[in-house]
Amino acid sequence: MGRLIRDFNWEDTSLGAPAGWSQSLLTTLSIMLNSRFPMFLFWGPDLIQFYNDAYRPSLGSNGKHPKALGQRAEECWHEIWPVIKPVIDQVLKTGQPSWSENELIPIFRNNCLEDAFWTYSYSRVFDEPGKFGGVLSICTETTEAVQSHKNIQNAKNELEFAVEAADLGTWDFNPVTFKFIGNDRLREWFGITGDEEIGLDVALAATIEEDRERMAAAVAKALEKGSDGNYNIIYTIQDQEGNRRIVEATGRAKFDAEGKAYQFSGILQDVTEKQQLQMRKDEFISVASHELKTPITSLSASVQILQRLVKTESSSEKMATFVTKANNNLSKLTYLLDDLLNVTKIQQGQLAFNINRFDLVELIKDCCEHINPLQDYDFVFMGDETLMVYADYRRIDQVMVNLIGNAIKYSPRKKRIEITVIHDDETATVSVRDFGIGINSQKLPHLFDRYYRVDAFGHQFSGLGLGLYISAEIINRHNGKIGVESEVGNGSNFWFSIPLDDPSIA
Ligand code: ADP
């Protein structure tokens, strides 16, 4: 801009040649041209214009630059003259500087009239006595900052709208003070009036007694150093009138470099209806499976007698075939019914355990023979050849039947199944590896949930989605662990580990 000012033909303006310019104008120009802050100067009665390099970008391209240099302000700024003229007049008259923050002043640049926001101050510059002087505008364009602020506000509004539409409570917990803030809905659910922060003790007091300890433990676990910060819990709250509401809280804690939680926030959902529906479903399954148990048991007994009779009494071969078929189908029915009854027992905390010493490898081999009578699957055993454990034989057998049964069911084309048993000083680990259809990694976290099936709506594979749920419960009751690694198309590796000898198992 210094070069442009030097090269400009000032004689054609009311300021005349630079040789005649006052010291005051020269000093002001020198300050401007040496500053990296955007500045604009109006000088003399015609308000002839100067600006510096820092101001230059605000004029855009194909707009006022370089015509604005040496131009009369009124000519240059005709589109906003009604806005700035009174300000300039006021500053010249009173000598008091003006101050405007983030003001919308659209200007013509980049071939169009663009909305632009400015923070600026106009101040009077005095000249030698008797001379007019000028007005210096120190300004900065804040369009980007204002737009960002608007975008944030819009995003916030959208989020609020979604939270409102989804009927969600939101909370933001301070891990230092153990207090949190919540939206109106959450406050209403917890029966809290006023705007002040809510203490964890208040939330606990609104939680029914049976759930309090569990809820406090879940919060502590999410905030614990080294935890993954995840928080997901279903509990019941109660208002002053005794109305109960079952809620599901989901959230996550964030940790600083030292592993200290600094933020913990999430949502709260009313799941009362969903839970009640689930309870009614469970109740129905419990009643139905109990009712089915008696006729199926007596049917089983009759079929077994029939099976013996067709062997000893003379009867047609067809009869023997049908009796065998009936018996096989009855076994399948019994398995399904057992699963349903086991689920009911798990939920009522009545799954009985009977702990004994036995050889785990022997159990597994028996199980494979039983499950694969036609020998059409190729079982490969690896690791220990014998391993004594102290556990519930029938329940571990149930887990193996499920894992091997699944390995067969979900590997229709690959017949190889590898079973590995290994141990260390304290635990035995069994893995069942198949080379079948595999499982999408996103589905893995839900695999051990009740009624969960990866292909819930497909009918390619039969099942109730209970086997893994029951297996996980059995292994947990043995103080063990169960897990899976899998890849779509490359098969799955289901494993569990149990203590070799844990006297606390019941
Ligand atoms: P079910 O087999 O009766 O559906 P499970 O609880 O045993 O129920 O298994 C739950 C789901 O996990 C199955 O529906 C299936 O989608 C998936 N799954 C279990 N084992 C395997 C496996 N070996 N390979 C692929 N998918 C499996």
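Remember, it's a predicted structure, so these values are computed and weren't measured experimentally.

**Let's talk about the overall build of the protein**
Next up, step 1: Helix and strand content of the protein: 13 helices and 20 strands.
Next up, step 2: Against the compact-globule benchmark of 23 Å for 506 residues, the protein has a radius of gyration of 40 Å, which places it well outside the compact range.
Next up, step 3: Within the protein, contacts between residues separated by at least 24 positions form 58% of all contacts whose residues are at least 6 apart in sequence.
Next up, step 4: As presented, the protein carries roughly 29,500 Å² of accessible surface, and 53% of it is formed by carbon and sulfur atoms.
Next up, step 5: Across the protein, the 51 positively charged side chains and the 70 negatively charged ones have centroids separated by 4 Å.

**Quick look at the nonpolar core**
Across soluble globular proteins, you tend to see nonpolar side chains buried next to one another.
Next up, step 1: Ranked by size, the top nonpolar core spans 49 residues in total, and within it Leu 360, Ile 364, Ile 396, Met 400 and Phe 496 carry the most contacts.
Next up, step 2: At seven residues, the largest contribution of residues to this core is made by helix α12 (residues 393-409).
Next up, step 3: If near-sequence neighbours (up to four positions away) are discounted, Phe 496 is found in contact with Ile 396, Val 399, Met 400, Leu 403, Ala 428, Thr 429, Val 430, Ile 475, Lys 481 and Ile 482.
Next up, step 4: The next biggest cluster of nonpolar side chains, apart from the first, holds 40 residues, and it includes Leu 69, Ile 84, Ile 105 and Val 125.

**Observations concerning the packing of aromatic side chains**
Next up, step 1: A full pass over the atoms with the stated rule returns 22 aromatic pairs.
Next up, step 2: Taking the centre distance of 5.6 Å and the plane angle of 85° together, the rings of Trp 21 and Phe 50 count as edge-to-face. Here Trp 21 is found in the loop between α1 (2-7) and α2 (23-33), whereas its partner Phe 50 is found in strand β2 (residues 48-51), with 29 residues between them in sequence. Here Trp 21 and Phe 50 have matching classes, each one buried.
Next up, step 3: Considering the side-chain rings of Tyr 231 and Phe 264, the 5.3 Å spacing of their centres and the 75° angle between planes classify their relative orientation as edge-to-face. Here the residue Tyr 231 occupies a position in strand β11 (residues 230-238), and Phe 264 occupies one in strand β13 (residues 261-270), the gap between them amounting to 33 residues. By the burial criterion, Tyr 231 is buried, and Phe 264 matches it.
Next up, step 4: Ring pairs connect the aromatic residues Phe 40, Phe 42, Tyr 51, Tyr 55, Trp 77, Trp 118, Tyr 120 and Tyr 122, which therefore count as one cluster.
Next up, step 5: Above the plane of the ring of Phe 381 lies Lys 365, whose end atom (NZ or CZ) is 5.2 Å from the centre.
Next up, step 6: The ring of Phe 435 has Arg 433 lying over it, and the distance from NZ or CZ to the ring centre is 4.6 Å.

**A word on helix α10 (residues 317-347)**
Next up, step 1: Between its terminal C-alpha atoms α10 stretches 46 Å, which fits the 45 Å expected from 31 residues at 1.5 Å a residue.
Next up, step 2: Among the residues of α10, those classed as buried are Val 323, Asn 327, Leu 330, Leu 337, Leu 340, Leu 341, Asn 342, Val 343, Thr 344 and Ile 346.
Next up, step 3: Of the surrounding secondary structure, the elements contacted by the buried residues of α10 are α9 (272-312), α12 and α13 (467-477).
Next up, step 4: Among the residues trailing α10, Gly 349 stands out with phi positive, at a value near 65°.

**Side note on the pattern of salt bridges**
Next up, step 1: Enumeration according to the criterion identifies 14 salt bridges in this entry.
Next up, step 2: Between Glu 160 and Lys 156 there is a salt bridge, with its nearest N and O atoms 3.9 Å apart. Placement of the pair is Glu 160 and Lys 156 together in helix α5 (residues 143-165), with a separation of four residues, close to one helical turn.
Next up, step 3: When its relative accessible area of 45% is taken as the criterion, Lys 156 is described as partly exposed.
Next up, step 4: Among the charged side chains, a network of salt bridges with common partners joins Arg 72, Glu 74 and Glu 75.

**Considering the sheet that holds strand β20 (residues 492-499)**
Remark on secondary structure: sheet strands pair via backbone hydrogen bonds, oriented parallel or antiparallel.
Next up, step 1: The strand order β15-β17-β18-β20-β19 describes an open sheet built from five strands, whose pairing is mixed. Of all strands in the sheet, those with a lone pairing partner are β15 (378-383) and β19 (481-486), marking the two edges. Averaged over all pairs of adjacent strands, the angle between their axes in this sheet comes to 15°, without regard to strand direction.
Next up, step 2: The pairing of strand β18 (residues 427-434) with β20 spans seven bridges and is classified as antiparallel. Within β20, the residue paired with Arg 433 across the bridge is Asn 493.

**Overview of the environment of His 370**
Next up, step 1: Relative to the helices and strands, His 370 is located in helix α11 (residues 360-371).
Next up, step 2: Expressed as a C-alpha distance, the spacing of His 370 and Pro 18, which sit 352 residues apart in the sequence, is 108 Å.

**What to know about the site of the ligand**
Next up, step 1: As a structural note, the neighbourhood of the ligand is formed by 20 residues, with Asn 406, Tyr 410, Asp 434, Arg 453 and Leu 468 the closest of them.
Next up, step 2: The separation between an oxygen atom of the ligand and a polar side-chain atom of Asn 406 is 2.8 Å.
Next up, step 3: Contacts to the ligand include Arg 453, whose side-chain N or O atom sits 2.5 Å from an oxygen atom.
Next up, step 4: For the ligand, whose accessible area on its own is 530 Å², the fraction buried by protein is 95%.
Next up, step 5: Those elements that provide at least two residues to the shell around the ligand are α12, α13 and β20.
Next up, step 6: The greatest single-element share of the shell around the ligand, amounting to three residues, is contributed by α12.
Next up, step 7: Counted by class, the shell around the ligand contains 10 nonpolar, seven polar and three charged residues.

Scoring rules and cut-offs
Sequence order as written defines the numbering, with residues in each chain counted from 1. Under the rules for a predicted model, residues below a pLDDT of 70 receive no local features and side-chain atom pairs below 80 are neither given nor counted, while totals for whole chains, interfaces and linings still include all residues. Side-chain metrics in this entry use all non-hydrogen atoms of the structure; hydrogen atoms and water are not considered. The numbering of helices and of strands both runs from the N terminus, where a helix is a DSSP run of H or I of at least 4 residues and a strand a run of E of at least 2. What the globule rule says is 2.2 Å times the number of residues to the power 0.38, and the radius of gyration is computed from C-alpha atoms. Only heavy atoms enter the contact rule, under which two residues are in contact if any of them lie within 4.5 Å. The method behind every accessible area is Shrake-Rupley, applied with a 1.4 Å probe, and residues are considered shielded solely by the protein chains displayed. Positive charges are assigned to Lys and Arg, negative charges to Asp and Glu, while His and the chain termini are left out of the count. For charged residues, the charge sits on one atom: NZ in Lys, CZ in Arg, CG in Asp, CD in Glu. Side-chain atoms within 4.5 Å link the members of a nonpolar core, which is a set of buried Ala, Val, Leu, Ile, Met, Phe, Trp, Tyr and Cys residues. The buried label applies to any residue whose accessible area, calculated with a 1.4 Å probe on protein chains only, is under 20% of its type's maximum; exposed applies above 50%, and partly exposed to all values in between. Stacked, tilted and edge-to-face are the three classes assigned to paired rings of Phe, Tyr and Trp, where Trp is represented by its six-membered ring and a pair needs centres within 6.5 Å; plane angles under 30 degrees give stacked, over 60 edge-to-face, the rest tilted. Two conditions define a charge located above a ring, namely a distance within 6 Å from the ring centre to NZ of Lys or CZ of Arg, and an angle within 35 degrees of the ring normal. A helix's residues, less one, multiplied by 1.5 Å, set its expected span. The term salt bridge refers to a pairing of a side-chain nitrogen on Lys or Arg with a carboxyl oxygen on Asp or Glu at a separation within 4 Å. Note on pairing: DSSP must find at least two bridges between two strands before they are called paired. Interaxial angles span 0 to 180 degrees and are taken between N-to-C directions of axes, which are lines fitted to C-alpha atoms, for helices over the stretch in contact. Nearness of a residue to a molecule or strand requires only that one of the residue's heavy atoms be within 4 Å of it. Nitrogen and oxygen atoms within 3.5 Å of one another constitute a polar contact, given that in protein one can donate a hydrogen and the other can accept it, and given that sequence-neighbouring residues count only through two side-chain atoms. Under this grouping Gly is polar, as are all residues other than the nonpolar Ala, Val, Leu, Ile, Met, Phe, Trp, Tyr, Cys and Pro and the charged Asp, Glu, Lys and Arg.

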